[in-house]
Amino acid sequence: MRKINLSRRMIGCFLGMQLFCFVAARSQSTYAYSAPSRQALQQKGPGDSKPGDNTQKQTQFSTITGKVVAADGTPVPGVSVTIKGARGGTSTNAAGAFSIEANKGDVLVFSYIGYTTQEVAVSSSTLSITLLASAKQLNEVVVTALGIQRQAKSLTYSVQKVGNDQLTTVQDASFVNSLTGKVAGIVIAKSSSGIGGSTRVTLRGNHSTRNNQPLYVVDGVPLVNFSPAQPGDEFGQSGVGYVGLDGGDGISNMNPDDIESVTVLKGAGAAALYGSAAANGVILITTKKGKAGKTRVDVSSSLTLDSRMYKTPLQFKYGQTTTPSLGNPGSLDSWGSVVDAPDHVDPFFQTGSSNFNSIAISGGTDRSQTYLSYSFTDNTGNIPTVSLNRHNLNFRQTTKYFDDRLTSDINVLFINQDAHNRPPSGVYDNPLTGLYLFPRGLNFNQYKQYSVYSPLRNTGIQNWWDANYDSTQVYGSAWNSSNSANEQNPYWILHRVTTDNDLNRVYSNISLNYKLNSWLNIQLRGNVDKSWNTITQKPYATTSTVLTAANGGYNVLNVTNTQYYSDLLLSANHKLTNDLGLSATAGVAVNDQVADQTGIGTKNSGNGLAFANVFTVNNILPAAILVTPTYTHKQVQSAFLTAQLNLKQFLYLDVSARNDWSSSMAYTPVVNRGFFYWSAGLTGVLSDMVHLPDPISFAKVRVSYAVVGNDADAYASHPPEFTIDNQNGLVTNGTGPEPGTYLKPESNRSFEVGTAWRFFNDRAGFDFTYYLNNNLHQYITTEAPAGAAENQYGYAYTTWALNAGNIRNQGVELSVDFTPVKERHLIWTSTVNYAFNKNLIVSISDPSVKSSTDYQTLTGIGNLLYASYMKQGGQWGDIYGYYFQRNASGAIVVNSSGAPQEGADTSANPPVGNPALKKLGNPMPKFTLGWSNSFTVNRFVLNVLFDGKFGGQVMSVTQAYLDFNGDSKASQMARDKGGVYVNAVTATGGKFGGINPQTWYTTVGGLSGISENYIYSATNIRLREASLAYQIPTKAAWVKGLSVSVIGRNLFFVERKAPFDPEISSATNNGLQGVDTFGLPSTRSVGASVKLGF
Amino acid sequence: MTRINKLLIALAAIAAAGLGSCTKNFDSINTNPDGLYPSDVAIDYQNLGSPLNQAQLNILNYIDYNYQVQQNLNADIFSGFMMSSTPFNGNLNNTNYSLVPGWNGSAWDLAYQNVMAPIATVLQATAGTPKYAPFYAWAKLLRVEAMHRVSDIYGPIIYSHYGTTNPDGSVTYDSQEAAYTEFFSDLDSTITEFDAAYAASPTLPAPFSQFDLVYGGSYKQWIKFANTLRLRLAIRVSLIDPTLAQTEGEKSLADANGLLSVAADNALVNIGSNENPITLIAVAYGNINMGAPLLCYMNGYKDPRVSQYAQAAVDPAVAGQYIGIRQGIQIDANGRYAGYSLPVNFPNELLLMTAAEAWFLKAEAAIRGWSGAGDAGTNYNTGITTSMNQYGIGSAAAQAYITNTTNTEQPYIDPKSEVAGQNNVLTGSPYLSTIPVAWNSSDPFQTMLQKIITQKWIAMFPEGEEAWAEFRRTLYPTLFPVVVNNSGGTISTTEFIRRLPFASDEYSTNPTGTQGAITLLGGPDNGGTPLWWDTNPH
């Protein structure tokens, strides 16, 4: 009942706001697109006139008409036409024509997004203007916070823009993956779950103990990017029943063809206006709108074939250690004699395919434009049964009313996505474990029939080399009735432990913009984003008994995410004097987010289901049903102001201020005052201030500083006394704020300075940024001393939630572009993006907080190889694990049989409290480098993108497990050579050479071996994208464009040292970074695409 | 400014004001609907009873993976009851005295999180309110049952200072002696309260009956339990403080409502539909098997209970035998010992205390000459028959067992040891017991004590925590020492492990308190330092 009441109240509040305040206006960038005639303005009265208006000229007006076309001769509608030094102006119509009152000798200014602004002196009453596509930086307009458009040159912080063609030429099911290498300072890790899996994006390093991913904003409105489930450990467990699932993320649902451009705001300075959610940077997505003029239809289609980019190195030479005998299936490991078994792994994989189809219709009049698109994505994976389908429907309508003073913009999006058998990450219920570990010498093909009839159960049961559930009936002899959880029949998993992830999402946006006068407008925006996500898993009876009950299980996770967002903006854009301009936006916003999850699962012990293999909720036995609801609700209300003052359009001062009130601060003194943050920046366009030598066509310097707050997680400041365990009743909640303290907002402080230069008439240029970011008062949970101060409920929390610590990131970003060749028949442009980031955990404790530790756990060690801790003085994501015991000269200490010994820290205070663990590496790259080239030869365009990540270390649990069982190529080579030759000594100091491979690998390998042996350099360089497009010449008048392309993605590694793709990660949340546990190998995609416009 | 402009600005101002007023909903938004706040749980005394429900389920943790680190990978092995076939951590782990910090804080953490916290919230809610007195008393009783176990693992604990942070942020430990004083005092007040309540209305169940997972709200059963617990603790301190021991023990022996006496009195926590954690650890995980000493005793004594405790081995080398794994041996791989005897599949209940134990406690009280203890031999024999009875074994078989004067522990032969013969314990070894079963009232005191503890130990299975505590106090029964000792010299092979080190979290979160605790401990914080009541019979 409480939920309903609460949401009613919330809606009431929300409706109240709607009634009172949902009228808003939108800033129209630095340009007024259209305005009434000068005469009309003159009639408005003295209040709007400034001294200095040249009233004498009034009588000399005449009508100037003309047409604006692009370089290719097509008319450009919507071009702003103004008279230099005067207010007002007009814009071109659908045919590119305009008409304006001006004097001979006046200078007309023609400006339009994406084109170089042109100034033309009025010399006759008709003009013909050809606009040229704008050079980068000079007059480019970018979308910044809240959808405010700005000239790139005026920005006081670093942004990078990626256009539609860069995202859609070589498509990925999730467009975010296409940003790799194209933006300096972005680090993208894909989940190992293949197509449509979630993506972890970090900008300028990891800042936080909690969320490190940027905020996505679509057309000025924050986008919900929940990720419902992520694996939590190397087994792949992600909560009861939901084995190893990557639940996907919200951003991957978008249709890349609907995106006009993506702007990456990297620093907090760029993001200060978005509030707390933007502390990790913002990725702004501008979607396509209809364009006035003749209706245009764009159809595009692409098909790529996806294969493994690399193969996991395995051996098939040596056979099973103990071969089967009556009543004994033999051993899992393959340390036996030479059998030269066939490679059963390669044929298991298949060629996957990705098929994208989209159609978009765009058109309209001056007053009203429509954009309608539909796309269909169909993917099949490169292991059998894996598929992903997605339908996107997008409608957008922009209309002007009341003499063009009111503009409405309505956008409705519907997304339906079905992912079947998205591959899990981790050891459990993963087809790759059974596949890779299958004992060599047994006949794999016999298990393609994954199910055999059991007279005992009267149904099909798992058919696998070590599973003999129905022993007496089927095999006439007994062995284990349950096989291992760590390897099962891969086909059984694909057909009998199926997972489905079905998503429906509706996203709607309404924006009303009213132009109050030539310099002031008001905009109201409202947004509802609702998604329904259902993840189901159906393990059949005789799936490993460790994971599944005797009659099978049924696990359902229902997730409903709802966001209501609205804001009201008042924007002014005014020339204070001839030299001084001011643009400012003030506004209020409310963002209400609810994530409502209900997990219904089956215990993995007992019978689980009443009737075997009937997958309904009412079939789960009462004793076995596990219900885990999670309901998080947070509302943030904000008021903000941003202003930009410019002097002669060459010196810009930016300030912004924002105050947030967050519901998550309720029950703390912070709730009423909220939290305030601000930013300030200064940009000088040197090339406009002073005359620079000719080769320099543009130069600017910029500096900015920002403080961004961040609120707490919902309920953290007001934890309940008990939680309910549906099987066992009340459980005392163990985590809460330290009694006597309360949670405060985090504080993310960032400084950046940068400069951008362009040379030789825009043939070359660079943009350089240095940034320093300190994220203070992080939310931390720390073990409380047992029995410390009791809370309001009378007991002592075992874990305190508190603010402490500082994580620092500093680095540089450099983006260089140049055009080495610009001939009539050949244009070669090249861009290099470089970024270097250094992360330091300055502190993780706070002297004011009693008894806090100097480390925090991101992933605990359990009994496995991998752990990650944030340790004071270390770096975010540091990998810890077990290590070799070494003597003074660094040789590995082995015992008398050659088994390496594990090291132990004998000091009183081991780094992370465990003597067996030490820091082994960090998965984050030291620097990243992307190099893209575009060659245009007549009608051919060749694009090539190389992408490299340098430095960092990753761990392969896969390799450790394969080594342990004698299934790895390495174990074969050691056997071929007759021993493992490492620098090893015995405890007494004697040299030990040629260690028995089995002794060596069964000690260092496995899930509890010596982690250090499985650390690899993460450095990798690859040919990320290549495409060759051809514009087909056509004489048909109705065809506006026709091109075909050959495309490739992830083509090959120029360099790779790890046995897997280091870019792949087991999970995309904070845990499990830089570790591979039987993840699916990356795919190489090769195919073709066709684009047709008419 | 036109009129419409002014209007809009006014609306904006109202909106902003409206925003401010909307923060009043923040309190309800920031209240977790899936959690419970005190006002939600007062109905039906849920605020008092449910936390105590949680406490009962966590004295021994009902969840397999918690139980595994709370007790199974320490006391259940150190007591000789069980042994793991899994070479955790490259076979550097508790079983061979390479103590794993990640495991050894678990008993501590779980106790404070899942027992002390819920009990504290009940004590706060009930203190000084007469109608809640039964809840108050019951909470104290459960607290003693849970925390004496924690103290018996680590020594000093946080008990009387729970919920009180010192100005420097530390929390003060009680010495084990002080903690035991508190235990006795808590037990006194509970028994007084329950005795009176029972006398007033002998047929009415306690108001907490719906939350009682052990005795369904029977005052009388809880009084018997509390008396037996007091006797257990009294016997525990009988070597270090004989006067205190006798005083407290005789109180229990004199109480009109008596001790646990028949198998039906056994204190078993009903864990509902949860499977027994030991069974899951053994069967589903394959992480625990039977220990060598227990099965050597049972085989040697031809104990009819053996098939109720263990399953026959399936490994071809020992198939059909009841054979356990010796603690602290070399194990190269999981598979080597997986086929040795597993424990049987236990029912879905957790054994806290048996009536048989009460008889053995009385037997020891008798040989110590405490009044009200009765005859030692009778108590001893009743203890055995009560245990046999618990497993449905008829009196003939029990009598044959009781009267046998020749059977002794069977030697241990391990055919699968990595180094042949390395794990064997052969006839003549000082680690192979020669004590028979039959009681002989003319035996010297130590022999009588050895018989009592040995039989109590067998009857106590699978509750390893109490078994390990009594082994440390008396060094009975005779157990096999570890073959491989990886303690780095901190734990003596021949003197066995005496305790677990304090939780590593305590070092980081409560350094001052922990230093104080080490002072109270009176020795280094490692596995070799004996506890206060452990007078180290060596």
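Residues numbered from 1 in each chain as written. Chains lettered and ligands numbered in written order. Predicted model: local features only at pLDDT ≥ 70, side-chain atom pairs only at ≥ 80, totals over all residues. Heavy atoms only, no water.

**Some details on the overall build of chain A**
Thought 1: Regarding its fold elements, chain A presents 12 helices and 54 strands.
Thought 2: The buried share of chain A, reckoned over its 1094 residues, is 59%.
Thought 3: The contacts of chain A with a sequence gap of at least 6 include a subset with a gap of at least 24, amounting to 70%.
Thought 4: Summed over all atoms, the accessible surface of chain A reaches about 39800 Å², with 57% contributed by carbon and sulfur. (Helix = DSSP H or I, 4+ residues; strand = E, 2+ residues; numbered from the N terminus. Buried < 20%, exposed > 50% of the residue type's maximum accessible area, 1.4 Å probe, protein only. Contact = heavy atoms within 4.5 Å. Areas by Shrake-Rupley, 256 points an atom, 1.4 Å probe, with all protein chains shown as cover.)

**Section: the overall build of chain B**
Thought 1: Each helix and strand in chain B was counted, giving 22 helices and 5 strands.
Thought 2: For a compact globule of 538 residues, the expected C-alpha radius of gyration is about 24 Å, and chain B comes in at 26 Å, within 12% of that figure.
Thought 3: Dimensions of chain B, computed from the C-alpha atoms along their principal axes, are close to 110 × 60 × 45 Å.
Thought 4: A total of 538 residues make up chain B; the buried ones form 62% of that total.
Thought 5: Here the analysis covers contacts within chain B between residues at least 6 apart in sequence; of these, 75% occur between residues at least 24 apart.
Thought 6: When the accessible surface of chain B is split by element, carbon and sulfur atoms take 55% of a total near 17400 Å².
Thought 7: Here chain B holds 26 positive side-chain charges and 44 negative ones, and the gap between their average locations is 3 Å. (Rg over C-alpha atoms; globule rule 2.2 N^0.38 Å. Lys, Arg positive; Asp, Glu negative; His and termini not counted. Charge placed at Lys NZ, Arg CZ, Asp CG, Glu CD.)

**Describing the interface of chain B and chain A**
Thought 1: Across the boundary between the two partners, chain B contributes 72 residues, which contact 80 residues of chain A.
Thought 2: Across the chain B-chain A interface, the total number found is 0 salt bridges.
Thought 3: Seen at the junction of chain B and chain A, the total is 28 residue pairs in polar contact (both at pLDDT 80 or more).
Thought 4: No other element matches the 11 residues that helix H1 (residues 3-22) of chain B contributes to the side of chain B that touches chain A.
Thought 5: Class assignment of the residues belonging to the side of chain B that touches chain A gives a composition of 37 nonpolar, 28 polar and 7 charged.
Thought 6: Where strand E32 (residues 722-725) of chain A lies against strand E1 (residues 35-36) of chain B, 2 bridges are found, and the strand directions are antiparallel. Considered in E1(B), the bridge of A:Phe722 is made with B:Leu36. (Salt bridge = Lys/Arg side-chain N within 4 Å of Asp/Glu carboxyl O. Polar contact = N/O pair within 3.5 Å; in protein donor to acceptor, adjacent residues only side chain to side chain. Nonpolar A, V, L, I, M, F, W, Y, C, P; charged D, E, K, R; others polar. Pairing = 2+ DSSP bridges.)

**Digging into unusual backbone geometry**
Residue and element names in this part refer to chain B.
Thought 1: In this structure, Pro-462 follows Phe-461 across a cis peptide bond, with omega equal to 5 degrees.
Thought 2: Take Pro-462: it is sitting in the loop between helix H19 (445-460) and helix H20 (464-474).
Thought 3: Between Tyr-476 and Pro-477 the backbone carries a cis peptide bond, its omega angle lying at -10 degrees.
Thought 4: Mapping Pro-477 onto the fold places it in the loop between H20 and helix H21 (504-509).

**A look at the sheet that holds strand E47 (residues 984-986) of chain A**
All names here are of chain A.
Thought 1: Strand order in the open sheet made by the 3 strands is E42-E47-E48, with mixed pairing throughout. On the outer flanks of this sheet lie strand E42 (892-894) and strand E48 (991-992), each paired with one strand and no other.
Thought 2: Relative to E47, E42 is paired through 3 bridges, and the arrangement is parallel. In the sheet register, Val-894 faces E47, and the bridge partner there is Thr-986.

**Some details on helix H12 (residues 997-1004) of chain A**
Residues and elements named next belong to chain A.
Thought 1: Among all positions of H12, only Pro-997, Trp-1000, Tyr-1001 and Val-1004 are buried. The buried residues of H12 occupy an angular sector of 85 degrees when projected down its axis, which confines them to one face.
Thought 2: Where H12 is buried, its residues meet E42, helix H10 (957-964) and helix H11 (969-977).
Thought 3: The N-terminus of H12 is capped by Asn-996, whose side-chain oxygen sits 2.7 Å from the backbone nitrogen of Gln-998.
Thought 4: With its phi angle positive at about 80 degrees, Gly-1006 sits one or two positions after the end of H12. (Arc of directions from axis to C-beta.)

**Some thoughts on the pattern of salt bridges**
All names here are of chain B.
Thought 1: One pass over the structure, following the stated rule, counts 51 salt bridges over all chains.
Thought 2: Here Lys-224 makes a salt bridge to Asp-265, at a shortest N to O gap of 3.3 Å. One end of the pair, Lys-224, is in helix H11 (residues 219-236); the other, Asp-265, is in the loop between helix H12 (242-254) and strand E3 (267-270), with 41 residues separating them in the sequence.
Thought 3: For Lys-224, a relative accessible area of 11% puts it in the buried group.

**Notes on the packing of aromatic side chains**
Residue and element names in this part refer to chain B.
Thought 1: Taken as a whole, this structure holds 68 aromatic pairs over all chains when the rule is applied.
Thought 2: For the pair Trp-108 and Tyr-173, a centre-to-centre distance of 5.5 Å together with 20 degrees between the ring planes defines the contact as stacked. One end of the pair, Trp-108, is in helix H8 (residues 106-126); the other, Tyr-173, is in the loop between helix H9 (133-154) and helix H10 (176-200), and 65 residues separate them in sequence. Tyr-173 matches Trp-108 in its accessibility class, with the two residues each being buried.
Thought 3: Between the NZ or CZ atom of Arg-143 and the centre of the ring of Tyr-159, over which it lies, the distance is 4.6 Å. (Phe/Tyr/Trp six-rings, centres within 6.5 Å; stacked < 30°, edge-to-face > 60°. Lys NZ or Arg CZ within 6 Å of the ring centre and 35° of its normal.)

**Observations concerning the sheet that holds strand E33 (residues 729-732) of chain A**
Strand pairing in a sheet relies on backbone hydrogen bonds. The paired strands run either parallel or antiparallel.
Thought 1: One open sheet accounts for 3 strands, arranged E33(A)-E32(A)-E1(B); its pairing is antiparallel. Each edge of the sheet is formed by a strand with only one pairing partner; in this case those strands are E33 of chain A together with E1 of chain B.
Thought 2: Seen against the sheet, helix H3 (residues 46-59) of chain B touches E32 and E33 of chain A and runs at an angle of roughly 80 degrees to E33(A). (Axes fitted to C-alpha atoms, helices over the stretch in contact; angles between N-to-C directions.)

**Things to note about the nonpolar core**
Thought 1: If you look at the biggest cluster of nonpolar residues, it comprises 184 residues, and the most contacted ones within it are B:Trp108 and B:Trp222.
Thought 2: Counting residues per element, this core draws most heavily on H9(B), which supplies 12 residues.
Thought 3: Excluding residues that lie within four positions of it along the chain, B:Trp222 makes contacts with B:Trp138, B:Leu141, B:Leu142, B:Phe194, B:Phe208, B:Asp212, B:Val214 and B:Tyr215.
Thought 4: Counting residues in each nonpolar core, the second largest holds 69 residues, with A:Phe349, A:Trp464, A:Leu494 and A:Tyr1014 among its members. (Core = buried A, V, L, I, M, F, W, Y, C linked by side-chain atoms within 4.5 Å.)

**Regarding H11(B)**
Thought 1: With 18 residues, H11(B) should cover 26 Å at 1.5 Å per step; its first-to-last C-alpha distance of 25 Å lies within 8% of that length.
Thought 2: The buried count for H11(B) comes to 17 of 18 residues, which makes it a mostly enclosed element. (Expected span 1.5 Å × (residues − 1).)

**Quick word on empty space enclosed by the protein**
All names here are of chain A.
Thought 1: Of the volumes computed, that of the second largest cavity is approximately 220 Å³.
Thought 2: In terms of lining residues, the second largest cavity is bounded by 19 residues, among which Val-187, Ala-189, Pro-923, Pro-925 and Pro-1062 are the most central.
Thought 3: Sorting the residues of the lining of the second largest cavity by element identifies strand E11 (186-191), strand E12 (199-203) and strand E52 (1064-1065) as the ones contributing at least two each.
Thought 4: Per-element tally for the lining of the second largest cavity: the top contributor is E11, with 3 residues.
Thought 5: The residue inventory of the lining of the second largest cavity, partitioned by class, reads 10 nonpolar, 6 polar and 3 charged. (1 Å grid on protein atoms, 1.4 Å probe; cavity = no way out; pocket = protein on both sides within 12 Å on 5 of 7 lines; lining within 4 Å. Points joined across faces, edges and corners; volume = space filled by probe spheres on them.)

**Side note on the pairing of E3(B)**
Residue and element names in this part refer to chain B.
Thought 1: Only one face of E3 is buried: it carries Ala-267 and Val-269, and the other face, with Leu-268 and Asn-270, is open.
Thought 2: The pairing of E3 with strand E5 (residues 349-353) spans 4 bridges and is antiparallel. Paired with Leu-268 across the bridge in E5 is Leu-351.

**A closer look at the environment of B:Gly286**
Thought 1: Within the secondary structure, B:Gly286 sits in the loop between helix H13 (277-284) and strand E4 (289-290).
Thought 2: As for B:Gly286 and B:Lys131, which are separated by 155 residues in sequence, their C-alpha atoms are 49 Å apart.

**Notes on the packing of H10(B) against H11(B)**
Helix-helix packing: each pair is described by the crossing angle between the helix axes and the interaxial distance.
All names here are of chain B.
Thought 1: Across the interface, H10 lies against H11 with an axial gap of 10 Å and an inter-helix angle of 155 degrees. Taken together, the axes of H10 and H11 are roughly antiparallel relative to one another. Here the hand of the crossing between H10 and H11 comes out left-handed. Here Tyr-180, Phe-183, Phe-184, Leu-187, Asp-188, Ile-191, Phe-194, Asp-195, Ala-197 and Tyr-198 of H10 lie close against H11, whose contacting residues are Tyr-219, Lys-220, Trp-222, Ile-223, Ala-226, Asn-227, Leu-229, Arg-230, Leu-233, Ala-234 and Arg-236. (Parallel < 35°, antiparallel > 145°, perpendicular 65-115°, else oblique. Left-handed = near helix turned anticlockwise from the far one by under 90°.)

**Re the confidence of the model for chain A**
Residue and element names in this part refer to chain A.
Thought 1: Scored by pLDDT, chain A has a mean of 83; 89% of the residues are at 70 or more.
Thought 2: Between the elements of chain A, mean pLDDT differs from a low of 37, seen in helix H2 (residues 38-42), to a high of 96, seen in strand E49 (residues 1015-1017).
Thought 3: Throughout residues 1-59 the model reports pLDDT below 50, and contacts reaching past four residues in sequence, or to other chains, amount to 123 contacts.
Thought 4: Under a pLDDT of 50 for its full length, residues 472-482 has, in the predicted model, 29 contacts with residues more than four places off or in other chains. (pLDDT = per-residue confidence, 0-100.)

**Quick look at the side chain of A:Arg308**
Residues and elements named next belong to chain A.
Thought 1: Mapped onto the secondary structure, Arg-308 falls in strand E17 (residues 293-308).
Thought 2: For Arg-308, a relative accessible area of 14% gives the class buried.
Thought 3: At 2.3 Å, the side chain of Arg-308 forms a polar contact with the side chain of Asp-346.
Thought 4: Apart from the residues lying within four places of it in its own chain, the contact partners of Arg-308 are Asp-346, Phe-349, Asn-382, Pro-1081, Ser-1082 and Arg-1084.

**Observations regarding the environment of B:Thr279**
Residue and element names in this part refer to chain B.
Thought 1: Turning to its location among the elements, Thr-279 is positioned in helix H13.
Thought 2: Look at Thr-279 and you get buried, because its relative accessible area is 6%.
Thought 3: Separated by 206 residues in sequence, Thr-279 and Leu-73 place their C-alpha atoms 14 Å apart.
Thought 4: Once you skip the residues sitting within four places of it in the chain, Thr-279 turns out to touch Ala-284, Val-344, Asn-345 and Phe-346.
Thought 5: Here the side chain of Thr-279 touches Phe-346 through a polar contact of 2.9 Å, landing on its backbone nitrogen.

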